[in-house]
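Structural features, examined
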Amino acid sequence: MEEFHKVRRLPPYVFEQVNRLKASARAGGADIIDLGMGNPDLPTPQAIVDKLCEVVRDPRTHRYSSSKGIPGLRRAQAAYYARRFGVKLNPDTQVVATLGSKEGFANMAQAITAPGDVVLCPNPTYPIHAFGFLMTGGVIRSISVEPDDTFFPPLERAIKHSIPKPIALIINYPSNPTAHVATLDFYKEVVAFAKRNDIVILSDLAYSEIYFGDTPPPSVLEVPGAMDCTVEFTSMSKTFSMPGWRIGFAVGNERLISALTRVKSYLDYGAFTPIQVAATHALNGDGSDIAEVRAVYKRRRDVLVESFGKAGFEVPPPEATMFAWAKIPEKFRHLGSLEFSKLLVEKADIAVAPGIGFGEQGDDYVRIALVENEHRIRQAARNLKKFLSTADDTLHNVISLNARR
């Protein structure tokens, strides 16, 4: 039978191929060191868990919740933006709770996209940025992910030559997967471009608190006038090690937030109320939990960069996020990122995310997640060194599937 229309617009999920191989290796007894999925292994801080347990004992909290987010949670998010970015938000009209930033992005696409609408999207980027719009009938025009002067000339060409004219520009800094970090001056140019061309900015700021330098990543909403055209998405998944809790936020322009809120009201009743109360408690905390999480990822980053470098795989130190974005060693680059990732599972007991899963511009890279402890990262480096040292003898006949055509 023919595939359904929307399913036809989605390519096979690249990461699933690595996941199947990983599961098969584990079933055979292999100890796979999983640096693939960005699934935090750190426990949610105990105070947040305790608040959840306290509230869940009240049967009144077991009823349907609020799709928009309970008032206390929206106030807490507005207070966080005021403290962290100096941005004033009205919690009643400019904040909506989401089931993670991924759901927020997908439902924003539902809210603002008509069939054939063009959206400007970085390549490589987190898959939902593109596929949220593709599933709604939108069209993606790829742009650069580098937050520098090279970012804007292709944008101008896209505006000039896209028919119809693009409706939105997606930005994601700190970037998943590349870990690029944007400056406030860059954001000022982005806002000026958007206002000059009457397009919407959709900013994914999920990694705002996972940074390793002295300067915290800014929000595009810090730019004067950005509120006129911008919605920004954040998540508690990485900041508070709460990935399975599914709590995030969209904040910004009232008209866009209203559209998202209306779509969500038809689709969900919001997260479980005790989860929302616990999330409120986390946002109203003193920030020490965030600092501890940041320190753990920094230590892991440093161990990864040092140990993989000594093993013969150079990994540039990321400035932010819980990922490293590393170019495949030259001798393996012809294979492409998917085949190289499969080799790492088969020959080195290491799982990473193939760059092709984030867009065709990522195929020379793999994404390495900092989701194993320092001991396991060093073990991965030892496995990698052994693999690389014997690869010339054992892999001389391995070629890319694409190269056979």
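Residues numbered from 1 in each chain as written. Predicted model: local features only at pLDDT ≥ 70, side-chain atom pairs only at ≥ 80, totals over all residues. Heavy atoms only, no water.

Under the annotation held in an unreviewed UniProt entry, the chain carries the name Aminotransferase and is attributed to Rhizobium quercicola. The UniProt entry for the chain carries the following text under Cofactor (unreviewed entry): "pyridoxal 5'-phosphate". UniProt, in its Sequence similarities (unreviewed entry) section for the chain, records the words "Belongs to the class-I pyridoxal-phosphate-dependent aminotransferase family." (UniProt positions renumbered as here; feature names shortened; annotations may be inferred.)

A few words now on the overall build of the chain. Scanning the chain from N- to C-terminus turns up 13 helices and 12 strands. Counting only C-alpha atoms, the chain reaches 65 × 55 × 50 Å along its principal axes. Among the 405 residues that make up the chain, the fraction classed as buried is 55%. Long-range contacts, defined as pairs at least 24 residues apart, comprise 76% of the intrachain contacts of the chain with a sequence gap of at least 6. When the accessible surface of the chain is split by element, carbon and sulfur atoms take 52% of a total near 18400 Å². The average position of the 48 basic charges and that of the 45 acidic charges among the side chains of the chain differ by 3 Å. (Helix = DSSP H or I, 4+ residues; strand = E, 2+ residues; numbered from the N terminus. Buried < 20%, exposed > 50% of the residue type's maximum accessible area, 1.4 Å probe, protein only. Contact = heavy atoms within 4.5 Å. Areas by Shrake-Rupley, 256 points an atom, 1.4 Å probe, with all protein chains shown as cover. Lys, Arg positive; Asp, Glu negative; His and termini not counted. Charge placed at Lys NZ, Arg CZ, Asp CG, Glu CD.)

Below, the discussion takes up the side chain of S208. Assignment of secondary structure puts S208 in the loop between β6 (200–204) and β7 (230–235). Judged by its relative accessible area of 3%, S208 falls in the buried class. Discounting chain neighbours no more than four positions away, the residues touching S208 are Y80, R84, F85, P174 and P217.

Across a sheet, paired strands are connected by hydrogen bonds in the backbone, their directions being either parallel or antiparallel. As summarised here, the arrangement of the three strands in space is β9-β12-β11, forming an open sheet in which the pairing is antiparallel. Of all strands in the sheet, those with a lone pairing partner are β9 (323–327) and β11 (353–354), marking the two edges. Note: β9 against strand β12 (residues 365–369), five bridges, orientation antiparallel. Bridge pairing in β12 links W325 to R367. (Pairing = 2+ DSSP bridges.)

This paragraph deals with the UniProt feature "domain: Aminotransferase class I/classII large" (unreviewed entry) in the chain. UniProt marks residues 31–382 with the feature "domain: Aminotransferase class I/classII large" (unreviewed entry), using the numbering shown here. Taken as a whole, residues 31–382 contains 40% helix and 14% strand, while its terminal C-alpha atoms sit 13 Å from one another.

On to the state of the cysteines. In this structure the tally under the stated criterion is zero disulfides. Not engaged in a disulfide, the cysteine C121 finds its nearest cysteine sulfur in C229; these two sulfurs lie 17 Å apart. Classification of C121 as buried rests on a relative accessible area of 1%. (Disulfide = S-S within 2.5 Å.)

Structurally, L205 can be placed in the loop between β6 and β7. Taking C-alpha positions, L205 is 18 Å from M37, a pair spaced 168 residues apart along the chain. Once residues lying within four places of it in the same chain are set aside, the contact partners of L205 are Y81, F85, Y173, P174, P218, S219, E232, F233 and T234.

Turning next to a negative patch on the surface. On the surface, a cluster of negative charge is contributed by E146, D148, D149 and E189. Structurally, D149 can be placed in the loop between β4 (139–143) and α7 (152–161). (Patch = residues over 30% accessible without salt bridge, like charges linked within 9 Å, V, L, I, M, F, W, Y side chains within 5 Å. Salt bridge = Lys/Arg side-chain N within 4 Å of Asp/Glu carboxyl O.)

Next up on the list: the pairing of β4. By the bridge criterion, five bridges tie strand β3 (residues 118–122) to β4 in an arrangement that is parallel. Each residue of the ladder has a partner; that of V119, found in β4, is I140. As for the winding sense of the linkage, the β-α-β connection from β3 through helix α6 (residues 127–134) to β4 is right-handed. (Right-handed = clockwise from strand over helix to strand, strands pointing away.)

Further remarks concern empty space enclosed by the protein. For the structure shown, the criterion picks out two cavities of 30 Å³ or more. In this structure, the largest cavity encloses a volume near 80 Å³. Taken together, Q77, Y80, S208, E209, T234, S235, M236, T239, F240, F249 and L283 make up the lining of the largest cavity. Within the residue set of the lining of the largest cavity, elements represented by two or more residues are α4 (71–85) and β7. (1 Å grid on protein atoms, 1.4 Å probe; cavity = no way out; pocket = protein on both sides within 12 Å on 5 of 7 lines; lining within 4 Å. Points joined across faces, edges and corners; volume = space filled by probe spheres on them.)

Another aspect to go through is helix α8 (residues 184–197). For α8, spanning 14 residues, the distance from its first C-alpha to its last is 20 Å, which sits close to the expected 20 Å at 1.5 Å a residue. Those residues of α8 that sit buried are F186, Y187, V190, V191, F193, A194 and N197. On an axial view of α8, the arc spanned by its buried residues comes to 160°, and they lie on one face. What points out from α8, more than 90 degrees from its buried face, is the exposed set D185 and R196. Among the structural elements, α7, β5 (168–172) and β6 are those in contact with the buried residues of α8. Note on α8: the residue one or two positions beyond its end, D198, has a positive phi of about 55°. (Expected span 1.5 Å × (residues − 1). Arc of directions from axis to C-beta.)

Under the defined criterion, the tally for this structure stands at 19 salt bridges. With a shortest N-O distance of 2.8 Å, E209 and R84 are connected by a salt bridge. With E209 in the loop between β6 and β7 and R84 in helix α4, this residue pair connects regions lying 125 residues apart in the sequence. For E209, a relative accessible area of 3% translates into the label buried. R301 is the partner of D302 in a salt bridge, and the nearest nitrogen-oxygen pair spans 2.9 Å. For D302, a relative accessible area of 34% gives the class partly exposed. Salt bridges sharing common partners tie together D31, E372 and R376.

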